[in-house]
Amino acid sequence: MNERPAATLSPGQDAAAARSGTPKIAIRGLSKAFGPKVVLDGIDLDIQAGESMLVIGGSGSGKSVLLKCILGLLHPDAGSIKVDGEEVVGLYGAELDRVRRKFGMLFQNAALFDSLPVWENVAFGLIQGQRMARGAAREIALQKLGAVGLGEDVGELMPAELSGGMRKRVGLARAIATEPEIIFFDEPTTGLDPIMGDVIDRLIVKCVKELGATALSITHDMASARRISDRVAMLYKGKIIWTGRTAEIDRSGNPYVDQFIHGREEGPIQMQVRDL
Amino acid sequence: MPILQPIGRTFLVFLEATGRLTLFTALSLSHCLRPPFYPRLVFRQMVEIGYYSLPVVGLTAIFTGMVLALQSYTGFARFSAESAIPNVVVVSITRELGPVLAGLMVAGRVGASMAAEIGTMRVTEQVDALDTLATNPFKYLIAPRLIAGLTMLPILVLIADIIGVFGGYIVSTQKLGFNPVTYLKNTWDFIEPQDVVSGLVKAAVFGFLVTLMGCYHGYNSRGGAQGVGTATTNAVVSASILILSFNYFITELFFAR
C-alpha cells in the first residue's frame, strides 16, 4: 500500500502523509554535501503527529546528518524542513531554541554531561532550557529516572560510574524530562547486549506512548527497528528509496530493503571492501 | 606555476582560519554581554582558573624574583651598581615577568584543560546535546570561561608581583647582604603606578587570550582522541605565541615615547 516500486531511486514521498493534515515534520528537497561528498540528495519525508518513524540505511548513508539538519545542528545546502508547518531552515538564536524545545533526543552514546551528576543531567533541559527551580527540577528528574527503571540513588552518581545500559536509560530520561512533542533516537541499542537492547526498546515505546510524542529513530538493528517503529524509510545514496509500514517491511518487494533487512552481502548494495 | 600553488593555498587557509577565529571571538564576546548569564558557572571557572593556578603561578613568581636578584647582582657588581637591584627586580616583575610568566603558566594549565574538556564534549556529542536542550554552548561553555579568564588573571598577577618581589627580597637580604629596610624602601620609592597597571592590563588581555584559545580549539576539535590531543596542543602553542606578541604591542602602547 505505501511502498514505492521495487528498486526505484525515486524520492520517498509517502502516501500516508498526504492523507492526513499538516505533518508534524515535513521535509522537502533536503540536500547536504560535505565538500564533494553528497550525503543527502533531495530528500522528501513526512512524519505524522504521534507516529514512530524509523530511518534505516547503511553506515555513512546520512541518517545522522538528517537528524542534525532537522535539529538545526547542521545547515542544509538546499530544501525545506517544517515542524508543525513552521520553516526551521534559516532559524537561529532564540527562534531556533523555541523550536528545539519541542524536541528531545537520545544520542548514540547518550552524550551525558561528564561534569554533572545523573539527576542534573536529566534535569538539564528543565533548569537551563525552562528556567525551572533546581529543587522542582530534581523532583521531576528523579521521577523520570524511576520511569526508566533507575532508583533515586543513581541520581547522585556521576555518568562515568554508569554501565552502557544505564547511560542509555539516563539519556532516555533526559530526552523525555521536558515532555517534548518530538523525540529523536540515534542508534538507541548500539553497543548493548540483546537483552538490554530489548529493555531499552520497550522503554522507548512506553515513554513515547505515554507522552503521545512523535518519534524519529535511526538504527541498523532490525530487531530494534521492528519493536519501536510504525513506519520505516530507507536511505540509500542520499535518497529515500522506500517507505512503508514496519509490519510490511518483509514484503517490500524492494531488493535494496530486502538485502539490508536480511544483512546479505549479495545484492544491489555494494560495500566497498578491499581484498585481503 | 606549481611553486605558487602551495603558497596561495597556505595563504587562503590562513585567511580562512583568521576569519573563523574573528567570528568566534565576536560571537563569544556578544554572548558574554547578553543574558541569560550563568553566575554559578562563572564562579566555578574563577575558582578553577584563579584559586587552583595560585600554587604554580606563585612558585614561578618566587623563583623568578630570586633568580632575577641573583643574576642582577652578578652583573651589577662589576659596575658597583648593586643598589639598583631592588629597582630592577620590581620593574621587571611588575611590567614583564609577572604577567608573561603567569600567562604562560596558565596557558599550560588552564588553556590545555579547557581545550581538552570542550574538545571531548564536542567529539562525544555533548555540545550537540547542549544545543538540543535549547542551551547555547557559547553562553554555557565559553562565556563563563572568558569572563573568568579576563578577571582572574589580573588578580593572579597582582599576587605574583608581590611574591616575585618577595623572592628578590629574600635572596637580596639573606644571601647578598642587603639591608631589609633599605631594600623595601628602594622598591617602594622606585615603583610607579603605571608599572603595575600596565602589568594588570597585560594580565587581563592574556587571560582573555588563554581562555579564548582553549575554547576555540576545543570547540572546533574533530575526530576523536587524536583531534582532542591536537586541539590541546594548538591551544597552548597559539596562546603562548599570542601572549608573547601581544606583550610587545601592549608594552609599546604603554611605554613607547
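Given the structure is predicted, the values throughout are model-derived calculations rather than measurements. (Residues numbered from 1 in each chain as written. Chains lettered and ligands numbered in written order. Predicted model: local features only at pLDDT ≥ 70, side-chain atom pairs only at ≥ 80, totals over all residues.)

Colleague: How do you make sense of the overall build of chain A when you look at a structure like this?
Modeller: For chain A, the count of helices and strands is ten helices and ten strands. The C-alpha atoms of chain A give a radius of gyration of 19 Å, which matches the 19 Å a tight globule of 276 residues would have. In terms of its C-alpha atoms, chain A occupies a principal-axis envelope of roughly 55 × 45 × 35 Å. Counting only contacts in chain A whose residues sit at least 6 apart along the sequence, the fraction spanning at least 24 positions is 65%. (Helix = DSSP H or I, 4+ residues; strand = E, 2+ residues; numbered from the N terminus. Rg over C-alpha atoms; globule rule 2.2 N^0.38 Å. Contact = placed C-beta atoms within 7 Å.)

Colleague: I would appreciate a short explanation of the overall build of chain B in the present structure.
Modeller: Along its length, chain B carries nine helices and zero strands. Counted from the first residue to the last, chain B has its helices and strands arranged as α-α-α-α-α-α-α-α-α. Projecting the C-alpha coordinates of chain B onto the three principal axes gives extents of approximately 65 × 55 × 35 Å. Within chain B, residue pairs in contact and separated by at least 24 positions form 87% of the contacts whose partners lie at least 6 positions apart.

Colleague: How do you make sense of the sheet that holds strand β2 (residues 37-47) of chain A when you look at a structure like this?
Modeller: What holds strands together in a sheet is hydrogen bonding between their backbones, with the strands either parallel or antiparallel. All names here are of chain A. Strands sit in the order β2-β1-β4-β5 across an open sheet of four strands; the sheet is antiparallel. The sheet terminates laterally at β2 and β5 (86-87), the two strands that pair on one side only. For strand β1 (residues 25-34) and strand β4 (residues 78-83), the ladder comprises five bridges, and the chain directions are antiparallel. Paired with S31 across the strands is A78, a residue of β4. (Pairing = 2+ DSSP bridges.)

Colleague: Explain the sheet that holds strand β6 (residues 103-106) of chain A here, please?
Modeller: Residue and element names in this part refer to chain A. Taken in spatial order, the six strands of this open sheet run β6-β7-β8-β3-β9-β10, and their pairing is mixed. Bordering the open sheet on either side are β6 and β10 (239-245), each of which pairs with just one other strand. In this sheet, neighbouring strand axes are inclined to one another by 15° on average, regardless of whether the strands run parallel or antiparallel. In the sheet, strand β7 (residues 182-186) pairs with strand β8 (residues 214-218) via five bridges, with the strands oriented parallel. Residue F185 lies in a different strand from β8, and its bridge partner there is S217. Packing against the sheet, helix α10 (residues 255-262) makes contact with β3 (52-56), β9 (231-236) and β10, and its axis sits at approximately 100° to β9. (Axes fitted to C-alpha atoms, helices over the stretch in contact; angles between N-to-C directions.)

Colleague: Looking at this model, I keep getting lost on the nonpolar core. Mind explaining?
Modeller: It is characteristic of soluble globular proteins that their nonpolar side chains tend to be buried jointly. Residues V122, L172, I183 and M234 of chain A together with A102 and L209 of chain B are the most contacted members of the largest nonpolar core, which totals 144 residues. Filtering out sequence-adjacent residues up to four positions away, A102 of chain B remains in contact with V57, L153, L156, V157, A160 and A203 of chain B. (Core = buried A, V, L, I, M, F, W, Y, C linked by C-beta atoms within 7 Å. Buried ≥ 20, exposed ≤ 12 C-beta atoms within 10 Å, placed from the backbone.)

Colleague: Help me out: how do you make sense of the confidence of the model for chain A in this one?
Modeller: Detailed reading of predicted coordinates is not advised where the pLDDT is low. Averaged over all residues, the pLDDT of chain A is 84; the fraction at 70 or higher stands at 90%. Across residues 1-19 of chain A, confidence stays below pLDDT 50; counting only partners more than four residues off in sequence or on other chains, it has 43 contacts. (pLDDT = per-residue confidence, 0-100.)

Colleague: How do you make sense of the pairing of β7 of chain A when you look at a structure like this?
Modeller: Residues and elements named next belong to chain A. With five of five residues buried, β7 lies mostly within the body of the structure. Taking every second residue as pointing to the same face, both faces of β7 are buried, with I182, F184 and D186 on one and I183 and F185 on the other. With four bridges joining them, β6 and β7 adopt parallel strand pairing. Looking at β7, one finds that F103 is bridged to I182. Each parallel crossover has a hand, and the one from β7 via helix α8 (residues 194-211) to β8 is right-handed. (Right-handed = clockwise from strand over helix to strand, strands pointing away.)

Colleague: Would you take a moment to explain unusual backbone geometry for this structure?
Modeller: Among all residues except glycine, the phi angle is most often negative; among peptide bonds, the trans geometry is most common. The omega torsion across P35 of chain B and P36 of chain B is 5°, close enough to zero to call that bond cis. The residue P36 of chain B is located in the loop between α1 (4-33) and α2 (39-51) in this model. The backbone phi angle of D84 of chain A is positive, close to 55°, even though this residue is not glycine. Counting through the fold element by element, D84 of chain A comes out in the loop between β4 and β5. Owing to 15 C-beta atoms within 10 Å, D84 of chain A belongs among the partly exposed residues under this scheme.

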